[in-house]
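Residues per chain are reported as follows:
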Amino acid sequence: METMTATAARAPRPLTPPPDVDAPTREARRLSTLLEVSQALSGTLNLKSSLHRVLEILARHHGAVRGIVSILEENGDLRVEAADGIGDGSRLVRYRVGEGITGKVVQSGKPIVVPHVSREPAFLHRAARRPELSHQELSFVCVPISLNRRAIGALAIDLKFKAERNFERSTKFLGVVASLIAQAVKIHRLIEEDKRTLVDENTHLRQELRERYDFSNLVGSSGPMRQIFEQVTQVSGTNTTALIRGESGTGKELIAHAIHYSSLRAKKPFVKVSCAALPDSLIESELFGYEKGAFTGAEARKKGRFELAEGGTLFLDEIGDINLATQVKLLRVLQEREFERVGGTETVKSNVRLVAATNKDLEKAIAAGTFREDLYYRLNVFTLFIPPLRERKADMLLLVDHFLEKFAREHKRNIKRISTPAIDMLASYHWPGNVRELENTLERAVLMCDGEVVHGHHLPPSLQTAEASGTITRVSLRDAVGAYEKDLLQDALKTTRGNRAKAARLLDTTERIINYKVRQYGIDAKRFKS
């Protein structure tokens, strides 16, 4: 290592130093020091704390009366990251690259030794030493902290002046320590970068969830849905327990999300549990957690969903399916806001807003003895009844447009619209699976469609009924062709707003044939003029 020595002419040293009889002891001490330094740097993720421990090790084993680690900032200044043996005010000291001894070390990337600090005019004396050292002659050794062949900081120590000191050996040793520090700084920066990335991703995802589940984005303009939106607005601003009731597939989970992300707890966790998906033997441990040794396989304490949702919202889907034993503990949480983990005696306080949902008739379950009446009254504080799709047919077109746009984007299809006969088929169906069934139906239609328009024959066979499509179960070739022809005619008339001449040109036929087919299939062309 090439070393620059300041004021070398003022401090001549013997050309042939005497034999060093303490060399083996000194080398052993240096190896021991390097081990301690390595352990200090790897023992914690707090860079400032680990660097301070390194400086203390150098002071304890190598007589460093003062130590400073300076790190290069993004603005190009050198900041004191850790220090030992200086005043508190000196920790705020900064250097510019090329300024003073430390700045020159970082600028050149080479170590500098000042045997006599008192005789060195380039020494800035910004970092004040302890008062008891102010009258002692000191030596100063500063080595660069290099990463990827570029100096990112400097390690500097003060030593009591000794004429016989071998500065070359000290510089090499401090260079090794600086290399260990450089790796610690690299790891610290990688961790900080990962943290920033995770924080940014977390913030972005939270914002996406908030936008996705904001109730203003829920599709529907019918009277029943407007009433639901008003109720969501009313309950969101409170911490009241909410019970969402409705048939399977009506969107109860979406309403629960909307309540959470419109509430004061929006920045806290939203934890959902499907009670029907968990067996009776696991539901209690999943909700309340368990202690180590509570049962076979419980090798460590595990937090339950109530603890994971602390400060936020816990959504219990299909709450009508939980067993009576769990209902008792759930009732206590709602009443007392506290519970015990499975196999434990410690009482855990709970600050959770509970939203429950069910598609069961809870009143019948109470009469049958499968659901506790007192729990029902605790849950039934604010109830939202989600209407089935068959009772909100006014929202059908809005939902169809929404799902077509969504799946066309997902599957990279150029779907422009849906034909009138297909809409009639959708509107006449009774939808036992509600919005979920409609969503799946339209995804299938998008995948089946090889053009820009979704037609009736792209819909599932379950919708191809006589009432919906004009076909029969055992259809002849003539009838199938006729149904397809009728579909095309209606679609063309819709496009041309009932103008038969334009429809004829669109289908590459004559207006006379169009008029004949309209009469043949009993199509009311006037309804397309509006």
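Given the structure is predicted, the values throughout are model-derived calculations rather than measurements.

Please clarify how unusual backbone geometry should be interpreted in this entry.
Excluding glycine, residues mostly carry a negative phi; peptide bonds, for their part, are mostly trans. Of note in this structure, Asn148 is not a glycine but carries a positive phi near 55°. Relative to the helices and strands, Asn148 resides in the loop between strand 6 (138–147) and strand 7 (150–160). Take Asn148: its relative accessible area is 68%, and that puts it in the exposed class. Despite not being glycine, Arg337 has its phi angle at roughly 60°, a positive value. Along the chain, Arg337 falls in the loop between helix 9 (324–336) and strand 11 (338–340). Taking relative accessible area as the criterion, Arg337 reaches 30% and is therefore assigned partly exposed.

Is there a simple way to think about the sheet that holds strand 8 (residues 242–245) in this case?
Spatially, five strands are ordered 9-10-13-8-14 in an open sheet, and the strand pairing comes out parallel. Strands with a single pairing partner mark the edges of an open sheet, and in this sheet they are strand 9 (270–274) and strand 14 (382–385). Each strand of the sheet is rotated relative to its neighbour by a mean of 15°, with strand direction disregarded. Strand direction decides the pairing type here: strand 8 and strand 13 (residues 353–358), joined by four bridges, are parallel. When the bridges of strand 13 are listed, Ile244 appears paired with Ala357. Across the sheet, helix 5 (residues 223–236) is in contact with strand 8, strand 13 and strand 14; its angle to strand 14 comes to roughly 155°.

Any chance you could explain the nonpolar core here in plain terms?
Side chains of a nonpolar character, in soluble globular proteins, are inclined to be buried together. In terms of nonpolar packing, the biggest core is built from 32 residues, with Leu58, Ile145, Leu155 and Ile181 touching the most fellow members. If you list the elements that add at least two residues to this core, you get helix 1 (23–42), helix 2 (47–62), strand 2 (64–72), strand 6, strand 7 and helix 4 (167–212). Broken down by element, this core gets its largest block of residues, nine residues, from helix 4. Residue contacts for Ile145: discarding those within four places in its chain leaves Val69, Ser70, Ile71, Arg150, Ala151, Ile152, Gly153, Ala154, Leu155, Ala178, Ile181 and Ala182.

Rules used in this analysis
Residues numbered from 1 in each chain as written. Predicted model: local features only at pLDDT ≥ 70, side-chain atom pairs only at ≥ 80, totals over all residues. Heavy atoms only, no water. Helix = DSSP H or I, 4+ residues; strand = E, 2+ residues; numbered from the N terminus. Buried < 20%, exposed > 50% of the residue type's maximum accessible area, 1.4 Å probe, protein only. Pairing = 2+ DSSP bridges. Axes fitted to C-alpha atoms, helices over the stretch in contact; angles between N-to-C directions. Contact = heavy atoms within 4.5 Å. Core = buried A, V, L, I, M, F, W, Y, C linked by side-chain atoms within 4.5 Å.

Purely geometric numbers; function is a separate question.
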